[in-house]
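The lines below spell out each chain.
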Amino acid sequence: MRVVHSPLALQKLLKEEQGSIGFVPTMGALHLGHRTLIDAAKKANDIVVVSIFVNPTQFLEGEDLDAYPRKEEADKKVCELSGVDYLFYPDAASMYGNDEVSLNAPNVRGYIMEGSSRPGHFSGVLTVVNKLLNIVTPTRAYFGKKDAQQLMLIETMVANLFMNVEIVPMDTVREKEGLAMSSRNAYLSEQERTESLNIIKSLHIATQLVMKGELSASQIKDEMIGILEPLEVEYVTIVNRSFEPIEVVEIGNTIILVEAISGTTRLLDNIWI
Ligand code: PAF
């Protein structure tokens, strides 16, 4: 595995490669969820590139940019053992200049839900993912469905900017008790971890309600909010696959999303119905 720090050097190296490139962009602190993305990239492509970059532009003032878990050596080992060909490890100075061009998230879909709790977050995500895709020019890029809004916005960017890459959505990987894997789970105390399981419980109840024929979005949301206590609920939203809020669940075209705060940790999860 080659570890490359410079964007231009990586671009040059990858131009010389033959065959398909699978790309897994990450912010590090790699867990089983990331490994599932890497395995999928490995199966479908000749070359696998993983990036690790804690992107400053997607953190708002006062958020956890400095505290975000950084595990350079452990992450390198995970990549090596997973058969990654190139590990891209840039620093902020090489990725960003001064007074530069950046992308704006769409005015509506980029500023609802997580975009409303974190205004500007998705502009930072799209800017960095655009840069990363331009550097790596992958055949396929892999993203988790846990960050469903991020995934939808990246798909929208790729379509709107006519980018030549296939975005591959991957199912959420969960810890044994059902908590969706996230690098931020490391912040949770034992008690917070237990309380966080209310998120998956609420999503299971929502699924059961739908299976019993309850299709009213407001009824489902009310039930879920009751179960989420004592977590601080940022939102429970029911949308169609185009991320338009819906009143009535459409089976095969619905995503139920939750964002809740446990202690000081923001947790996201969702279920596709
Ligand atoms: O999901 C993430 O880890 C990040 O938002 C991403 C896509 C790597 C961009 O920094």
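Before going into details, it helps to say that this report is about the structure given with it. (Residues numbered from 1 in each chain as written. Predicted model: local features only at pLDDT ≥ 70, side-chain atom pairs only at ≥ 80, totals over all residues. Heavy atoms only, no water.)

Leaving glycine aside, a negative phi is the common case for residues, and trans is the common case for peptide bonds. Looking along the chain, the bond that leaves glutamate 229 and enters proline 230 is cis, with omega of 5 degrees. By secondary structure assignment, the location of proline 230 is in the loop between α9 (217-228) and β7 (232-240). One non-glycine residue, alanine 29, lies in positive phi territory at about 50 degrees. Note on placement: alanine 29 falls in the loop between β2 (21-26) and α2 (32-44). For alanine 29, a relative accessible area of 9% puts it in the buried group. The phi dihedral of aspartate 99 is positive, around 50 degrees, even though this residue is not glycine. (Helix = DSSP H or I, 4+ residues; strand = E, 2+ residues; numbered from the N terminus. Buried < 20%, exposed > 50% of the residue type's maximum accessible area, 1.4 Å probe, protein only.)

Under the defined criterion, the tally for this structure stands at 13 salt bridges. Between arginine 140 and glutamate 166 there is a salt bridge, with its nearest N and O atoms 3.4 Å apart. Residue arginine 140 is found in strand β5 (residues 140-144), and its partner glutamate 166 is found in strand β6 (residues 166-170); the two are separated by 26 residues along the sequence. By relative accessible area, which is 21% here, arginine 140 ends up partly exposed. (Salt bridge = Lys/Arg side-chain N within 4 Å of Asp/Glu carboxyl O.)

Glancing now at the nonpolar core. Counting residues in each nonpolar core, the largest one holds 42 residues, and the members touching the most others are Leu10, Val49, Leu133 and Ile154. In terms of residue count, helix α6 (residues 121-136) provides more of this core than any other element does, nine residues in total. Residues contacting isoleucine 154, with those up to four places away along its chain left out, are Val125, Leu126, Val129, Phe143 and Ile167. Judged by nonpolar contacts, the second largest core, of 23 residues, contains Ala217, Leu231, Val258 and Leu267. (Core = buried A, V, L, I, M, F, W, Y, C linked by side-chain atoms within 4.5 Å. Contact = heavy atoms within 4.5 Å.)

Interpretation in functional terms is not warranted from these geometric data alone.
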